[in-house]
Amino acid sequence: MRGLPAVRDMLRSIATLLLLLPASAAWAHSDERPNMILILTDDQRFDAIGALTPGLETPAMDRLLREGLHFRNAFVTTSLCSPSRASLITGMAMRNHGVVDNNSATPQNFRPFSVQLDEAGYDTAFIGKWHMGHADASPKPGFDRWVSFEGQGNYGPVDAFGSPSLLNVDGEEVPQRGYITDELTDYALDWLGGRDETPFFLYLSHKAAHLPFTPAERHRGQYADTDFARPPSWSTDARSGPVPMWLSNQRNSWSGVDFTYYSHSPLIAFQRDYYASLSAVDDSLARILAWIEANPNGRDTVVIFTSDNGFMFGEQGLIDKRAAYEASIRVPMIVHAPARFGAGRTVDAIARNIDVAPTILDLAGLAVPDHYDGRSLLAAATGDAGDEQPALVYEYFWEFNYPQTPSTFALRTDRYKYIQYHGVWDTEELFDLHNDPDELVNLIGDPDHAELVRAMRARLHQTLSRGEARPAIPFTARFNQGAVFWSPDAASSVNFPPHWRRTPDAPDRYEHILPDGPEKERQLQAITPAVGRILSPGADDREETEGE
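Let us look at the structure shown here. (Residues numbered from 1 in each chain as written. Predicted model: local features only at pLDDT ≥ 70, side-chain atom pairs only at ≥ 80, totals over all residues. Heavy atoms only, no water.)

**Remarks on the side chain of S253**
The condition is simple: Only DSSP runs of H or I with at least four residues qualify as helices, and only runs of E with at least two residues qualify as strands; both kinds are numbered from the N terminus onward. Polar contact is the term for a pair of N or O atoms within 3.5 Å; when the atoms are in protein, one must be able to donate a hydrogen and the other to accept it, and sequence-neighboring residues count only if both atoms are side-chain atoms. Contacts are assigned to residue pairs with any non-hydrogen atoms lying within 4.5 Å of each other.
Mapped onto the fold, S253 is located in the loop between α7 (245-250) and α8 (267-294). In this structure the side chain of S253 is engaged in a polar contact, spanning 2.6 Å, whose partner is the backbone oxygen of Q250. Discounting residues that sit within four places of it in the chain, S253 has contacts with F259, T260, Y261, Y262 and Q404.

**Things to note about helix α13 (residues 450-465)**
We count it as follows: What a helix should span is 1.5 Å times the count of its residues minus one. Residue exposure (1.4 Å probe, protein chains only): buried if accessible area is under 20% of the type maximum, exposed if over 50%, otherwise partly exposed. Here the arc refers to the directions that run from the helix axis out to each C-beta atom.
With 16 residues, α13 ought to run about 22 Å at 1.5 Å a step, and its terminal C-alpha atoms sit 23 Å apart, in line with that. Residues V453, M456, R457, L460, H461, L464 and S465 constitute the buried set of α13. Across the axial projection of α13, the buried residues extend over an arc of 150°, all falling on one side. Structural note: α13 exposes E451 and Q462 on the side pointing more than 90 degrees away from its buried face. The secondary structure elements touched by the buried residues of α13 are α4 (94-97), β15 (392-396), β16 (407-412), β17 (416-422) and β18 (429-432).

**What to know about the pattern of salt bridges**
Put simply, the rule reads: Between Lys or Arg on one side and Asp or Glu on the other, a salt bridge is scored when a side-chain nitrogen of the former is within 4 Å of a carboxyl oxygen of the latter.
One pass over the structure, following the stated rule, counts 37 salt bridges. A salt bridge links D300 to R340, with the shortest nitrogen-to-oxygen separation between them at 3.2 Å. In this pair, D300 is assigned in the loop between α8 and β9 (301-307) and R340 in helix α10 (residues 338-341), connecting sequence segments 40 residues apart. By relative accessible area, which is 32% here, D300 ends up partly exposed. A salt bridge links R502 to D508; its shortest N-O distance comes to 3.0 Å.

**What about the packing of helix α2 (residues 59-67) against α8?**
Our working rule: Note on geometry: axes are C-alpha line fits, over the in-contact stretch for helices, and angles between N-to-C directions span 0 to 180 degrees. Relative orientations are named as follows: roughly parallel for angles under 35 degrees, roughly antiparallel for angles over 145 degrees, roughly perpendicular for angles from 65 to 115 degrees, and oblique for any other angle. Under this grouping Gly is polar, as are all residues other than the nonpolar Ala, Val, Leu, Ile, Met, Phe, Trp, Tyr, Cys and Pro and the charged Asp, Glu, Lys and Arg.
The N-to-C vectors of α2 and α8 enclose an angle of 55°; their axes lie 7 Å apart at closest approach. Judged by the inter-axis angle, α2 sits oblique to α8. Across from P59, A60, M61, R63 and L64 in α2, the residues of α8 making contact are L278, V281, D282, L285, A286, L289 and E293. Each residue belonging to the contact of α2 with α8 can be placed in one class, and the counts come to nine nonpolar, no polar and three charged.

Here it is, written out as structure tokens:
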């Protein structure tokens, strides 16, 4: 509660008194309010850990996996920096917190979960990348200590234009002295060193490994001789079923493998620097874990390690994020607290970035606000989650400055993923992830999955509209694939899915007018002649001529 020391002291006194209450009262023992450290990396793939991808060198992250609780099905609800970071710190999906792209500023009514921790007596610190509003590095509510920078920040003390890199330290501009990952860790350890027995929460938010991938000097060339295999979906030839046209086009773009970042450099050159940039993050993690081990005030500290989104390195012919494919939306998520959750355990339940805030509040013994879209992961962590598991609802809004990816909405269960694209003439996608983890077979036109498609369409729209008469986002419920047919005989042939080809006399050419269902074929037979006469000028004259 910055600026209100008297109120803060009063709240600390109340919290201290609560610790003296009987065991049945809230916060009866200090070990029920653990210290917590949330470490967020930038653009880290779910498998960018040495223990998961042979050839990578990440000893500290490997240790987290050995000693921690691995949520191996962890996802973000929007695969883009600012919306994802806002979701993580508010427990809300993008459509509800309002940070819809990387150009969005922090809303006026923005309330991070850190406010509740601060009011409950926690010492709190935010150190690192905030990135909600390009020019905004000012302290945010709920943090006693603040160290951040504008927008993406810079890896070094001087940016590409020769200007000095600046940090905002508790409201004052301070020059950045060195490599950003190391410097943020220095600030974090300095703050941790001043802790007493008061429970603390540290949010360490890294810039790495965001573009431009810039390793620390000590890690340059670390993977110079390492080759990384291309993913199975690199070529569209590997796919079967309809392939989205936007996907084929995006290969030759800023975010595609044929023109990656408008460069002639091969993709593997970017990969090598990307992974080398993560090595400084691994060094940082090792330093944090060493402090926890060496300091009495670090005992009973819960470390949560995750990323703001995944990253594609050739999956579906793409690089970067935004899309709803697995490599884009999956992130690492490891909870390190062996005394609480055991060591080396794996959780298969779906975990989402919107679940981080309620989990942290739950750990602190605090109520989770009703408006949160996420829910605590503690039940899943202890194996008491029950049969009802949340699905992932994914949303991404088209951005004018990166127009290659359309607005995307998806529903992912433990087995299937349904994707629809909004505002473009293109195909939907359905993948059976159990049998097709690389997302190579689009089942959207498979009759055996028609009922599943209808059910997932309805469930997705119901969630995004929140069950209200007016959807939270400006789109309407999809009830079929739309007017997507094209003629193979037209002069302007296009690379649309072959199953969309129709001739002018096809009996189902108006199918987009009717909702999918068992009665659709019969209804088409009834309406097609009438609609044909309405939509085909001169049809009556042609019929008379043909009858003569």
